[in-house]
Amino acid sequence: MKSSRIGLWCGLAALVIHLAANAHYGFFRDELYFIVCGWHPAAGYVDQPSLTPILAALSQSFGVSLFALRLVPAICAAIATYAACVLAAEFEGGSFAQTITGLVTIAAPEMLALGFRLSPDSIELCTWPLIALGILRITRGANPRWWMGIGPLIAIAVWSKYTAVFFVAALLVGLLLSPQRRVLRSGWFAAGAALAIVLVLPNLLWQSQNHFPMLQLLHNDYGKFLLQSPPFPLQQILIMSPLLSVVWLTGLAWLFYVRGIRFLGIAYLALIAAMWALDAKNYYAAPIYPYLIAAGAVPIERWTASRRAWRMAVVAAILILAIPSTPFVLPVLPLRTFVAYQQSLGGIFHLRFHVDPHAGNDVPIQYYADMTGWPELAGTVASVYRNLAPVERAQAAIFTHNAGEAAAIDVYGKPYSLPPALSGNNNYWIWGPRGFSGNVLIDVNGDLEVDRTRFRSVRLATIFRNPYAMPYENDVRIYVCRGIRVPLGALWPKLRDFSYGFEAV
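Residues numbered from 1 in each chain as written. Predicted model: local features only at pLDDT ≥ 70, side-chain atom pairs only at ≥ 80, totals over all residues. Heavy atoms only, no water.

### Let's talk about the pairing of strand β5 (residues 476-484)
Burial analysis of β5 places seven of its nine residues in the buried class, the great majority of the element. The pairing of strand β3 (residues 440-444) with β5 spans five bridges and is antiparallel. Pairing of Val-440 across the sheet is with Arg-482, part of β5. Bridge count between strand β4 (residues 455-464) and β5: eight bridges; the pairing is antiparallel. Its bridge partner lying in β5, Ile-463 is registered against Arg-477. (Buried < 20%, exposed > 50% of the residue type's maximum accessible area, 1.4 Å probe, protein only. Helix = DSSP H or I, 4+ residues; strand = E, 2+ residues; numbered from the N terminus. Pairing = 2+ DSSP bridges.)

### Describing the packing of helix α12 (residues 232-239) against helix α14 (residues 262-277)
Packing of α12 against α14 brings their axes to within 9 Å, and their N-to-C directions diverge by 115 degrees. Judged by the angle between their axes, α12 and α14 are roughly perpendicular. Between α12, through Phe-232, Pro-233 and Gln-236, and α14, the contact on the second element is made entirely by Tyr-268, Ile-272, Met-275 and Trp-276. (Axes fitted to C-alpha atoms, helices over the stretch in contact; angles between N-to-C directions. Parallel < 35°, antiparallel > 145°, perpendicular 65-115°, else oblique. Contact = heavy atoms within 4.5 Å.)

### A short note on the nonpolar core
Judged by nonpolar contacts, the single largest core of 79 residues is most densely connected at Phe-91, Tyr-289 and Tyr-291. With 10 residues, helix α7 (residues 120-139) is the largest single contributor of residues to this core. Not counting residues within four places of it along the chain, the set of residues in contact with Phe-91 comprises Leu-136, Arg-140, Leu-255, Ile-261, Leu-264, Tyr-291, Ala-294, Ala-295, Val-298 and Arg-302. Leu-32, Tyr-33, Val-381 and Val-480 belong to the second largest nonpolar core, which has 41 residues in total. (Core = buried A, V, L, I, M, F, W, Y, C linked by side-chain atoms within 4.5 Å.)

### Examining the packing of aromatic side chains
As enumerated under the stated definition, the model contains 19 aromatic pairs in all. Relative to Tyr-368, the ring of Phe-338 has its centre 4.9 Å away and its plane inclined at 80 degrees; by these criteria the two rings are edge-to-face. Here Phe-338 is found in helix α17 (residues 335-345), whereas its partner Tyr-368 is found in helix α18 (residues 366-369), with 30 residues between them in sequence. Given a relative accessible area of 0%, Tyr-368 falls into the buried group. Cluster of aromatic residues (ring-pair linked, three or more members): Tyr-25, Phe-116, Phe-328, Phe-338, Tyr-341, Tyr-367 and Tyr-368. The cationic tip of Arg-496 hangs over the ring face of Trp-429; the distance from NZ or CZ to the ring centre is 5.5 Å. (Phe/Tyr/Trp six-rings, centres within 6.5 Å; stacked < 30°, edge-to-face > 60°. Lys NZ or Arg CZ within 6 Å of the ring centre and 35° of its normal.)

Right, dumping it as structure tokens:
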């Protein structure tokens, strides 16, 4: 059984890099939402399984801490890096191949991004390579009882994000279309599959009992990315860095060249085809790249075996090529410095991804812009709340346009003793109006105010401005609405919004 001491050092390096860089700028809107979901434990949520929210909430057990939250993706990045190096060893790669694997897995832009902010993809970043490693070893003669370990690993991946189902299906396609299909005849495979299904069953039951809201969300958002340019396969090269992608593209070719590992190459193509057809966001396939990087490092090692200078050049190239893109996916620069950096170099190598064309020149990429202004928004709402008469304050509800705003108010509103925020967006709709009549309502970003006939009185209280925010979170109008004509509970079914509510990264 192969292992990798180099992988341990590379994994440790990944951890140190992320621990040093991650806790900057502020919580991303989704991270705030994960925390609040985790404060409401459930077997499922409208837009995700339960694992990420639970980890997010647990990270805040001793108070609001950006460092503690982002320790989770940092650990995931370290595990993914180690697993990739072990895969390189499994592919018969030596020390140099494992070193290349570790460096590229750490430095590739989307790998850095998934190890930076907490998301379901962070957990997939480490589970997918481990699943691939386990199956690869079984195809090479490992005890088939390993399926009983792979089953729970698949369950963890699914509890993180439903895209894991597509990854597992792609692996099955790869096995069925290769001689390695023989491993599927084992009773241990059936037992491992059954175990995985049993472990994810509570989430499936939750989705069923709530009429599969995740499918409704996907239906509502379908088509946003389908016709984007460049097409999905080319975007995979861009998000992994066009030049560093040489390594994983070499790996894809190598997987098809070596008969015993061809099923992993087939799995990659099957996954990309499925995600392209289903209009997935370009980073949804990112957790598969560690094993492609590992595969690509092996022929590079062999091609440079006779020339030490070439190997030094390869390592130097990886390190140098990683520098321009790193500030775009890891907060290593002060925000103002980054904005200037973005304006100077953003057009090179497709580095201006997720920049709103309508945003001002001082607005960073959405990836960072949506990490700014949340404490200030909560403070502004608190000022409006405090200015209400005591009798109104006692019954006042706070309604927001989307789950990110609501979560920011819930997380940062605690010191102000704000009531729980309401929203029709995603799981906030499931939680309902929480007993508020809506007779006195602070409307943040103007969802309910739009139809002024719903209230007897609507007054603009203030406008929240954040120069670093995306346009949909800047110049936020905050209204005080009084005298609701239809009780909020009766109005609630019409307020359901199962969608991302904004252009999320």
